[in-house]
Structures are given as C-alpha cells and as structure tokens.
Amino acid sequence: MTVKLRIAGLSKKYENGDGIQDINLTVNSGEILTLLGPSGCGKSTLLRSIGGFEQVTTGKILIAEKDVTRQPPEKRPTIMVFQGYNLWERMTVFENLEFGLKLRKISKTKRKQQIMEMLTMLGIEAMAAKYPQQLSGGQQQRVAIGRALVLRPEILLLDEPYSALDAKIRVQMREELKKIQRRLQITIIFVTHDQEEAMMLSTRIAVMKKGEIVQVGTPSEIYNNPKDIYVASFIGEMNFLTTDDGHEVQAFRPEDVRLVSEQAAGENTFHATVQQSTQMGHYSQLTVKLIEQTIILFAEKDAFESYPEGTEIFFEVRKMQNFTKG
Ligand SMILES: Nc1ncnc2c1ncn2[C@@H]1O[C@H](COP(=O)(O)OP(=O)(O)OP(=O)(O)O)[C@@H](O)[C@H]1O
C-alpha cells in the first residue's frame, strides 16, 4: 500500500483561537477517507489546509511524499469540490470540464476525448451542450466532480458535496462515487457530518472533535470498538447506563440484546418495562424504562406486537462496553 497523504503535527489557528490542532493522519492510495464530526469541529479547516486554501500554523503536509505545506492550491496535485459546486454559469457543461485542460495545454482532440469519457462515466454525456442552470442538482454535482476528475488529481477533496441534495439522490450519488473511485483508483478525502454517509462511503473514517482527530478506523472498527463515549454516541445508536460509582458508563447498541424469559435471566440480564413499541420496517424498536433510565432496544420485526406498552421484559446484553466518564 502506498501512502498518498501524510499529515504530521498540523495545526491551523485562526485569530480568534479557533481551528485545528495536533493533526496526524496518513491516507493510503485508493482510499476514501472521511472526516466526520459535528459542525464546527474543524473538518473544513483540515480539508482546506490539505488543498492549500489555508496557511497552516505548524506541521507538515506531504502528498506522494512531497512536501506541499507552503505551496498554493494550484501547485498542489489536489482538487477541491466546494459545497456550492461553483460551476461557471456562462459555460456549457463541456466547457466547464474543458477549462482546466486548456490551461494545461492539452490538445483539442485529447481534450474532447477525455471530457466525453468523463461525462459518459458520470452518465451526463447528453448534457454536454447544456448550461449549469439547465441541470438538476444531482447533475450539477456530477459536473463538479467531473470537472475535478478530468484533471486527474492525486487526491480529490470533497466538502459535504451532497448536502444540498435530497435523501434519495444522496444515496444514489454515494454509490456512483464509490464506483467511479474504484474504477479510477483515486484517493478521496470526504467531509461530512452525516455518520450514515460516512459509514457507507469510507474505507476509513477519522472522527473529529473540537479541532482534533479522536479516532481513525474502518467503519466497522469505529462502530464496533469506539474509543470513547463521544465516538460511541456519534456513530449509530448507543445506550448508556451510569454505574453506581458514577465514573464508569456501560454502553451497548440496541441490536446487541436478546429478549429472554425471567427463568433464563443470568448475568448481564436486565429487567425493564416497555414504554413504547414501534415497528420500524424490518425491525421493531422498543423504548424501555430500566429503573431511572430510558433506553432503546431493537427486536425482530413483529416484536412490537408481542411486547406492547406496559409489558415487563427481561433482556440480555450480549456485548457491553465500559467507558470512563470524562
Ligand atoms: N476563516 C475563519 N476565521 C475564524 N474562525 C474560523 C474560520 N473558519 C472556521 N473558523 C472556526 O474554526 C472552527 C472550525 O471550523 P470548520 O469550518 O473547519 O468546521 P467544520 O467541522 O467544517 O464545520 P461545518 O460542518 O459547520 O462547516 C469553528 O469554530 C469555526 O467557527
């Protein structure tokens, strides 16, 4: 595996003291690495620093082992697609893609070939002669990605590219992006605050909090072995039970439980009362009260009928994690 991006001891402080600090991150060639975290945690600042749009305060950025820390964006082998796409309104789709190739002095025949290949891969070849405002949001998004990819960047930087699209198109766009990424074998750094999007797209996820990276791992590592309460609560659903001493928290996912009979109650079995029973589609969700705490459990599709409101239940937790409060 070759390393495409290496970030060491990076910080970027704005005048007001906000920013990112102590960022160390390695991204391998062909990975989709997602920067995930709530608004204001520094995802965009880190992405812009990689693209050269921010002057960093300390640290180094190496792309393909070359130090680019002090290089301007146009000198870096990266291309960033911004949230608003920034397509050129007065240029056709074809011309939008052609502009950068012209600057690179690619011949007319080659330009045409590369552009049409890209538009075909993105499924918008019929739109070549149209103007951006004649396209749907999803099509505009494809043009923005195509305009970046036709220049063959070493790393494609995407800042919440789907935030303006509706839920169904978002899912479709993610799948398309994954396909194209595999086909072209490019490296992508993707910013999102949407954990589901991160889980679906990423080779690895870097979870950020208050300007720092808290944990980096594959989606399943992050989901199954969150490092602390913050990561555990940010990704997926998690129940937390405070223990008697108050310093430790026991955590379990709603799907890591099994409903059992009172006789079968053993270790890690809890007694609770159902407060609400809902069918969620392919599973049921039970909201239950356990002494003073309200938690949720996922159960089989028809469980909502067998365990209506007020039912007393026993459930066994099959996977429990302990975290220290902090
Ligand atoms: N140009 C700037 N000048 C001063 N502070 C800034 C600037 N840009 C960002 N910040 C601050 O730096 C912190 C990180 O911002 P950043 O935009 O990187 O976060 P983010 O995780 O991308 O959030 P969002 O998802 O809302 O874009 C925030 O506290 C933000 O207010």
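Residues numbered from 1 in each chain as written. Predicted model: local features only at pLDDT ≥ 70, side-chain atom pairs only at ≥ 80, totals over all residues. Heavy atoms only, no water.

The chain goes by ABC transporter-like protein in an unreviewed UniProt entry, where it is assigned to Liquorilactobacillus satsumensis DSM 16230 = JCM 12392.

(A) Summary view of the domain arrangement of the chain. One can read the domain layout of the chain as domain 1 (3-230) and domain 2 (237-324). Each of domain 1 and domain 2 was reduced to a C-alpha centroid, and the two centroids are 39 Å apart. Listed as interface residues are eight residues of domain 1 and, on the opposing side, nine residues of domain 2. Summed over both partners, the interface of domain 1 with domain 2 comes to about 630 Å²; 52% of that surface belongs to carbon and sulfur atoms. The three residues of domain 1 that bury the most area against domain 2 are Tyr223, Pro226 and Ile229, which together make up 76% of that side's buried surface. The tally of links from domain 1 across to domain 2 stands at zero salt bridges. On inspection of domain 1 and its partner domain 2, the count reaches three residue pairs in polar contact (both at pLDDT 80 or more). Sorting elements by how many residues they give to the side of domain 1 that touches domain 2 places helix H7 (residues 219-224) first, with three residues. Across the side of domain 1 that touches domain 2, the residue classes break down as four nonpolar, two polar and two charged. (Domains from an automatic or database assignment. Contact = heavy atoms within 4.5 Å. Buried area = accessible area lost by both parts, 1.4 Å probe. Salt bridge = Lys/Arg side-chain N within 4 Å of Asp/Glu carboxyl O. Polar contact = N/O pair within 3.5 Å; in protein donor to acceptor, adjacent residues only side chain to side chain. Helix = DSSP H or I, 4+ residues; strand = E, 2+ residues; numbered from the N terminus. Nonpolar A, V, L, I, M, F, W, Y, C, P; charged D, E, K, R; others polar.)

(B) Summary view of the pairing of strand S11 (residues 239-242). Burial of the side chains of S11 is restricted to one face: Asn239 and Leu241 are buried, whereas none of Phe240 and Thr242 on the reverse face is. Here S11 runs beside strand S12 (residues 248-252); their pairing, made up of four bridges, is antiparallel. By the bridge assignment, threonine 242 is partnered in S12 with valine 249. A loop of five residues connects S11 with S12, the two strands running antiparallel in sequence, and glycine 246 in this loop sits at a positive phi of about 85°. (Buried < 20%, exposed > 50% of the residue type's maximum accessible area, 1.4 Å probe, protein only. Pairing = 2+ DSSP bridges.)

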